[in-house]
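# Analysis of the macromolecular model
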Amino acid sequence: MADILRQEFYKVWHKRSTVYTPLVIFVLMGIVGAMTIHSSDARFYISAGFAGFQWAMIMLIVIAANTISSEFEYGTIKHLIVQGNGRTLVFLAKFLVIGAYDIYLHGLVFGLTLILKPLIYGRRFAFNQNYLYGQSLMTNLVTETLVDLLGSLIIIGMIVMLACVSKTSAVAIATGIVVCFVGQGVSELLLKAAGSLSVILKWNPFNMLFLSNEWSNPSYDHNTLLSLPSLIWGNVIYALVFLVLGYEMFKHKPI
Amino acid sequence: MTQILKVHNLSKKFGNKQVLDHVSFTILRGKVVGLVGPNGAGKSTIMKAILGLYPSFSGQVVFDGRSVKAHDQSVFRKVGFLIEKPAIYPFLTGLQHFQLYSSNKADIQEVIDELHMNHYINRKATHYSLGMKQKLGIALAIINQPELVILDEPMNGLDPQSNRDLRHLIMKRAKKGTTFIVSSHILSELAKIVDDVILINDGKVVLATAISELRQADNHDYILQTRNNIEAKEILVNNGYQAEIRNGQISVTLSASQGIVELLPFLINHGIAITNIYHCQTDIESILVKMLDESKSEVRA
Ligand SMILES: Nc1ncnc2c1ncn2[C@@H]1O[C@H](COP(=O)(O)OP(=O)(O)OP(=O)(O)O)[C@@H](O)[C@H]1O
Ligand SMILES: [Mg+2]
């Protein structure tokens, strides 16, 4: 296991995208920041990491799908399996690397927010200033980072599953990005149309994407029909289900 | 000599298609074994099945005394392979590939020298030509001192010099005790290096034998020219020889109990004037092609 993890990180380290990703995220966050420089809502943008979490999610979708699909495309999966001692360990290693990347990207957005805030707003909006729920701006940012990290699990699970089903990464990436952007809308439509069925439909996976919204704005439970703890559990359980399904697909994926 | 690999009744279906049909063979340690057969015969499938890469197959593979199970590759720590196409990450250089899989610098440099890869080893693999990638794939199968090396059509895309390099590399390591399974349809290339040949057709083992025996089998074909071919053929056939007239010459195939030493006086005694005789040196390739044809007609019959 140590060996295969070393190899995975070696590959990540030597990919050009690993260097570009933080740069791109930095630039995109900077742009969002620059556009909000006179906004009255600046503290919202700060606590939301200048939309960096959304950019990071898109990057992560691409990286996660590719890290699985490309091994099959390059034919390197055979070596991973034979030398890495079986498909289960390879799957586990892939998941751990994607998970680590997820944590890294969230840390990155958090760190970049710390750097960007003074660059954009100067001395205004100190981190210890009070923001929502009687908590400081910093606490809000930390919370947002952690909640977004938790919410990303369900997306990761879905991407891993799709990458294990399809031949190329394109399907997984496209689906992942679409779900990220319109998933919430789909759930809203579903629930509006559902009527009495909403008792069941509120558990649809797209509804779980509201986790971060409901966390920062508890009144969202009118939309989601789920309490915050239900949403948290829903996210975790869906992520696990997707991962288990993905694992089964991976075990039988033709080489 | 001890056996390193035993394949017993290996069968594999893709959907309804029986791709491998009770394939059985044994490979001895230190041998170079050629897996030969036409396109689609099942060579690559056999190699993948040996490595347990299929979630499901029936039959038994024993490597180094241990049974191979699907989803358990722990027995293969000491196996190197190149199957179907070289396993290469386009974003890594050749050298980085070696570093990914091995930490033994001397070992790595040796392979790089043997395959003359020095001048491009620091370039990204995405810029490699077909043959350069192929050599890198071969090199990756060879590093880490494997006990068994499986090479699927390793000559693919190699120029004559690289081909020679590859043969030297295989023979050198085989001498030190490494076992090789090499597949190819360029049979003549293979004939120069292999000890044993396993002939595969339609997912079945048609023939498994030492290459020296194949050569011997070949030694029984003679071509005769006489003043009276028709009469000579009659006499030969009537006396238990296998003979026929082809292109105005008599072709004779001697059985194991018949020798050329007896044949010549026999004809002369019957008053046949022999004007020319020569020994057929069919190359190994045509022998195998002939055997394949025979196996196909057997199936049809
Ligand atoms: N994943 C698969 N799904 C369906 N059929 C397959 C699959 N892989 C191989 N086959 C079939 O199995 C047969 C044997 O294929 P294999 O690749 O082992 O042949 P081969 O002897 O290596 O041929 P070649 O010399 O062309 O490399 C072929 O008829 C092929 O169509
Ligand atoms: Mg093949």
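As a reminder, the structure under discussion sits directly above these lines.
How each quantity is defined
- Residues numbered from 1 in each chain as written.
- Chains lettered and ligands numbered in written order.
- Predicted model: local features only at pLDDT ≥ 70, side-chain atom pairs only at ≥ 80, totals over all residues.
- Heavy atoms only, no water.
- Helix = DSSP H or I, 4+ residues; strand = E, 2+ residues; numbered from the N terminus.
- Buried < 20%, exposed > 50% of the residue type's maximum accessible area, 1.4 Å probe, protein only.
- Contact = heavy atoms within 4.5 Å.
- Areas by Shrake-Rupley, 256 points an atom, 1.4 Å probe, with all protein chains shown as cover.
- Lys, Arg positive; Asp, Glu negative; His and termini not counted.
- Charge placed at Lys NZ, Arg CZ, Asp CG, Glu CD.
- Near = heavy atom within 4 Å.
- Polar contact = N/O pair within 3.5 Å; in protein donor to acceptor, adjacent residues only side chain to side chain.
- Arc of directions from axis to C-beta.
- Patch = residues over 30% accessible without salt bridge, like charges linked within 9 Å, V, L, I, M, F, W, Y side chains within 5 Å.
- Salt bridge = Lys/Arg side-chain N within 4 Å of Asp/Glu carboxyl O.
- Pairing = 2+ DSSP bridges.
- Buried area = accessible area lost by both parts, 1.4 Å probe.
- Nonpolar A, V, L, I, M, F, W, Y, C, P; charged D, E, K, R; others polar.
- Axes fitted to C-alpha atoms, helices over the stretch in contact; angles between N-to-C directions.
- Core = buried A, V, L, I, M, F, W, Y, C linked by side-chain atoms within 4.5 Å.
- Phe/Tyr/Trp six-rings, centres within 6.5 Å; stacked < 30°, edge-to-face > 60°.
- Lys NZ or Arg CZ within 6 Å of the ring centre and 35° of its normal.

Okay, the overall build of chain B next. In terms of regular secondary structure, chain B is built from 10 helices and 14 strands. Projected onto its principal axes, the C-alpha coordinates of chain B cover approximately 75 × 45 × 35 Å. Out of the 301 residues belonging to chain B, those deemed buried represent 51%. Taking all contacts inside chain B whose residues are at least 6 apart in sequence as the whole, residues at least 24 apart take part in 67%. Summing over all exposed atoms, chain B offers an accessible surface of approximately 14,100 Å²; the carbon and sulfur share of this is 50%. Within chain B, the 29 negative side-chain charges are centred at a point lying 8 Å from the centre of the 33 positive side-chain charges.

Now for the site of ligand 1. All names here are of chain B. Near ligand 1 there are 13 residues, and of these Gly-40, Gly-42, Lys-43, Ser-44 and Thr-45 occur at the shortest range. Separating an oxygen atom of ligand 1 from a side-chain N or O atom of Lys-17 is a distance of 3.2 Å. Between ligand 1 and Asn-39, the relevant distance is 2.9 Å, taken from an oxygen atom to a side-chain nitrogen or oxygen of the residue. Coverage of ligand 1 by the protein chains reaches 64% of its 630 Å² of free accessible surface. Of all the secondary-structure elements, those providing two or more residues to the shell around ligand 1 are strand S2 (17–28) and helix H1 (43–50). For the shell around ligand 1, the element with the highest residue contribution is H1, accounting for 3 residues.

Moving on, we come to helix H8 (residues 229–238) of chain B. Residues and elements named next belong to chain B. Among all positions of H8, only Asn-229, Ala-232, Ile-235 and Leu-236 are buried. Looking straight down H8, one finds that the buried residues subtend no more than 130° of arc, so they occupy a single side. Across from the buried face of H8, at angles greater than 90 degrees, the exposed residues are Ile-230 and Asn-238. Packed against the buried residues of H8 are strand S11 (221–226), strand S12 (242–246), strand S13 (249–253) and helix H9 (260–269). A positive backbone phi angle near 85° is found at Gly-240, which sits one or two residues after H8.

Bringing a nonpolar patch on the surface into the picture now. Residues and elements named next belong to chain A. A cluster of nonpolar residues, Phe-26, Val-27, Ile-31, Met-35, Ile-115 and Leu-119, forms a patch on the protein surface that exposes about 600 Å² of accessible area. Among the elements that line the nonpolar patch, the one with the most residues is helix H2 (residues 16–35), at 4 residues. Looking at the secondary structure, you find Met-35 in helix H2.

Attention now moves to the pairing of strand S4 (residues 58–63) of chain B. Residues and elements named next belong to chain B. Pairing geometry for strand S1 (residues 3–14) and S4, over 5 bridges, is antiparallel. For Lys-6, the partnering residue across the bridge sits in S4 and is Val-62. In this structure, S4 lies alongside strand S5 (residues 66–67), joined through 2 bridges in antiparallel fashion. Note on S5: the bridge partner recorded for Phe-63 is Arg-66. Taken together, S4 and the strand that follows it, S5, pair antiparallel across an intervening segment of 2 residues, in which Asp-64 is found at a positive phi of about 55°.

Looking now at the sheet that holds S4 of chain B. Read across the open sheet, the 4 strands follow the order S2-S1-S4-S5 (chain B); overall the sheet is antiparallel. For this open sheet the edge positions go to S2 and S5 of chain B, each flanked by a neighbour on one side alone.

Each partner contributes to the interface: chain B provides 27 residues, whereas chain A provides 24 residues. Summed over both partners, the interface of chain B with chain A comes to about 2,500 Å²; 59% of that surface belongs to carbon and sulfur atoms. Scanning the region where chain B abuts chain A turns up 0 salt bridges. For the pair chain B and chain A, the interface holds 9 residue pairs in polar contact (both at pLDDT 80 or more). The element contributing the most residues to the side of chain B that touches chain A is helix H2 (residues 94–101) of chain B, with 4 residues. Residue composition of the side of chain B that touches chain A, grouped by class: 16 nonpolar, 5 polar and 6 charged.

Here we take up the sheet that holds S13 of chain B. Backbone hydrogen bonds are what pair the strands of a sheet, in a parallel or an antiparallel way. Residue and element names in this part refer to chain B. Taking strand neighbours across the sheet as the criterion, the 4 strands line up as S12-S13-S11-S14 in an open arrangement whose pairing is antiparallel. Looking at which strands have only one partner, the edges of the open sheet turn out to be S12 and strand S14 (274–279). With direction set aside, neighbouring strand axes in the sheet form an average angle of 25°. Pairing between S11 and S13: 4 bridges, direction antiparallel. In the strand pairing of S13, Asp-221 is matched with Thr-253.

Moving on: the environment of Ile-198 of chain B. Residue and element names in this part refer to chain B. With respect to the helices and strands, Ile-198 occurs in strand S9 (residues 196–201). Residue classification places Ile-198 among the buried positions, given a relative accessible area of 4%. Once the C-alpha coordinates of Ile-198 and Ala-208 are considered, the two residues, 10 residues apart in sequence, prove to be 4.3 Å apart. Here Ile-198 is in contact with Phe-25, Val-33, Gly-34, Leu-35, Val-36, Val-205, Leu-207 and Ala-208, once residues within four sequence places are set aside.

All names here are of chain B. Counting 145 residues, the largest nonpolar core has Leu-5, Phe-98 and Ile-150 as the members making the most contacts within it. Phe-98 has contacts with Ile-108, Ile-112, Met-117, Ile-121, Leu-136, Ala-139, Leu-140 and Ile-143, leaving out every residue within four places of it along the chain. If you look at the next biggest cluster of nonpolar residues, it comprises 14 residues, including Ala-232, Val-252, Leu-254 and Leu-267.

Quick look at the packing of aromatic side chains now. All told, the structure shown has 14 aromatic pairs over all chains when counted by the stated rule. Between Phe-14 of chain B and Tyr-54 of chain B, the ring centres sit 5.7 Å apart and the planes meet at 75°, which makes this aromatic pair edge-to-face. Of this pair, Phe-14 of chain B sits in strand S1 while Tyr-54 of chain B sits in the loop between H1 and S4; the two residues are 40 residues apart in sequence, bridging distant segments of the chain. With a relative accessible area of 7%, Tyr-54 of chain B lands in the buried category. Ring pairing ties together the aromatic residues Phe-72, Phe-91, Tyr-247 and Phe-250 of chain A, which thus form one cluster. The aromatic ring of Phe-72 of chain A is capped on one face by Lys-253 of chain A, whose charged end is 4.6 Å from the ring centroid.

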